[in-house]
Amino acid sequence: QVQLVESGGGLVQPGGSLRLSCAASGRIYGINAMGWYRQAPGKQRELVATITRDGAKNYADSVKGRFTISRDNAKNTVNLQMNSLKPEDTAVYYCNGQIRTTILITRDYWGQGTQVTVSS
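Quick look at the structure, then. (Residues numbered from 1 in each chain as written. Predicted model: local features only at pLDDT ≥ 70, side-chain atom pairs only at ≥ 80, totals over all residues. Heavy atoms only, no water.)

Overview of the pattern of salt bridges
Any two side chains of opposite charge can pair, so long as their charged atoms come close to each other.
Phase 1: Scanning all chains against the criterion turns up 4 salt bridges.
Phase 2: A salt bridge links Arg 38 to Glu 46; the nearest nitrogen and oxygen atoms lie 2.7 Å apart.
Phase 3: Between Arg 66 and Asp 89 there is a salt bridge, with its nearest N and O atoms 2.7 Å apart. Here the residue Arg 66 occupies a position in the loop between β6 (57-59) and β7 (67-72), and Asp 89 occupies one in the loop between β8 (77-82) and β9 (91-100), the gap between them amounting to 23 residues. The same class applies to Arg 66 and to Asp 89, which are both buried. (Salt bridge = Lys/Arg side-chain N within 4 Å of Asp/Glu carboxyl O. Helix = DSSP H or I, 4+ residues; strand = E, 2+ residues; numbered from the N terminus. Buried < 20%, exposed > 50% of the residue type's maximum accessible area, 1.4 Å probe, protein only.)

As for the packing of aromatic side chains
Both the distance between ring centres and the angle between the ring planes are used here to describe each pair of aromatic rings.
Phase 1: Taken as a whole and assessed by the stated rule, the structure comprises 1 aromatic pair.
Phase 2: Ring centres of Tyr 37 and Trp 110 lie 5.1 Å apart, and the angle between their planes is 65°; on these two criteria the pair is classed as edge-to-face. Here the residue Tyr 37 occupies a position in strand β4 (residues 30-39), and Trp 110 occupies one in strand β10 (residues 106-110), the gap between them amounting to 73 residues.
Phase 3: Stacked on the ring of Tyr 94, the Lys or Arg Arg 45 has its end atom at 3.8 Å from the ring centre.
Phase 4: Between Arg 107 and the ring centre of Tyr 109, over which it is positioned, the NZ or CZ distance is 3.9 Å. (Phe/Tyr/Trp six-rings, centres within 6.5 Å; stacked < 30°, edge-to-face > 60°. Lys NZ or Arg CZ within 6 Å of the ring centre and 35° of its normal.)

Interpretation in functional terms is not warranted from these geometric data alone.
Structure (structure tokens):
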């Protein structure tokens, strides 16, 4: 069984910073892309940032220049450094991984989500 466990959410004032972390564990043959998504109340889940195994990054326009995604392939972890946070960044943030559990089988796995609230 594979698990993704997030940490690092919380309450922060506008302009502040938070760092989210996600660790994958279990029967993992390999991990392709990893990423962060978020879902605000009443809205659909949206992409925040992704990173391939080789380190290629992709960001939503709304977070470019403020958020930085990184990963450690040896530790099966992915992080999201969030700076200059805005109230509109408030959401539940989910970690995602395209995880190979055998040489032939790859599927998406999701973490349980961590709340980020940006408010004064």
